Amino acid sequence: MSLSVEQYHHMREAGILNEDEPVELLNGLLVYKDRGGPKPVSPLHALVTSRMTLLAPDLEKRGCHLRLHNPVTIPPSHEPEPDGAVIRGGPEDYLERHPQPGDVLCLI
């Protein structure tokens, strides 16, 4: 059975999935992320994601911001949590919803 983003959000709101549950919606499927034990992250991956944070001040000057490990909603059946995304506007612009494809300038 394939889930829609709307059904996925209802599962979170109903408490079927906890807010801190390590899961994301990919291609209509719940994909669990193993956050226990040592993370399988290479030193290069760690370096790149750490260096992304250095871009934040320049991005803000250009009217966008950096989101790290947070959801991006791609209707109808995807809500991945990418390593990073450059998003139009400020973080406060997404108080009521996650960014969608038209808000995303770069997805990492």
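Calculation rules
Per chain, the residues get numbers from 1 upward, laid out in the order the sequence is written. It should be noted that, the model being predicted, local features are given only for residues of pLDDT at least 70 and side-chain atom pairs only at 80 or more, the latter also being counted only at that level, while totals for whole chains, interfaces and linings use all residues. Side-chain calculation: all heavy atoms of the structure are included, whereas hydrogens and water are not. For patch building, the residue pool is restricted to those with more than 30% relative accessible area and no salt bridge; the joining distance is 9 Å between like charges and 5 Å between nonpolar side chains (Val, Leu, Ile, Met, Phe, Trp, Tyr). A 1.4 Å probe and the Shrake-Rupley method give the accessible areas. Residues count as covered only by the protein chains that appear here. The salt bridge definition used is simple: a Lys or Arg side-chain nitrogen within 4 Å of an Asp or Glu carboxyl oxygen. Counting from the N terminus, the helices are the DSSP runs of H or I reaching at least four residues and the strands are the DSSP runs of E reaching at least two. The rule is simple: take the accessible area with a 1.4 Å probe, protein chains only, and divide by the maximum for that residue type; under 20% is buried, over 50% is exposed, in between is partly exposed.

### Here we look at a nonpolar patch on the surface
On the surface, Leu44, Leu47 and Val48 cluster together into a nonpolar patch covering about 280 Å² of accessible area. Inspection of the secondary structure assignment puts Leu44 in helix H2 (residues 43-52).

### What to know about the pattern of salt bridges
Two side chains bearing opposite charge may form a pair once their charged atoms approach each other closely. Throughout the structure, instances matching the rule amount to 3 salt bridges. In this structure, the salt-bridge partner of Lys61 is Asp58, at a minimum N-O distance of 4.0 Å. Here the residue Lys61 and the residue Asp58 both occupy positions in helix H3 (residues 56-61), the gap between them amounting to 3 residues, near one helical turn. Assessed through its relative accessible area of 38%, Asp58 is described here as partly exposed. The partner of Arg97 in a salt bridge is Asp103, with the nearest N and O atoms 2.7 Å apart. Asp103 sits in the buried class, given a relative accessible area of 13%.

Spatial relationships are all this shows, so hold off on functional conclusions.
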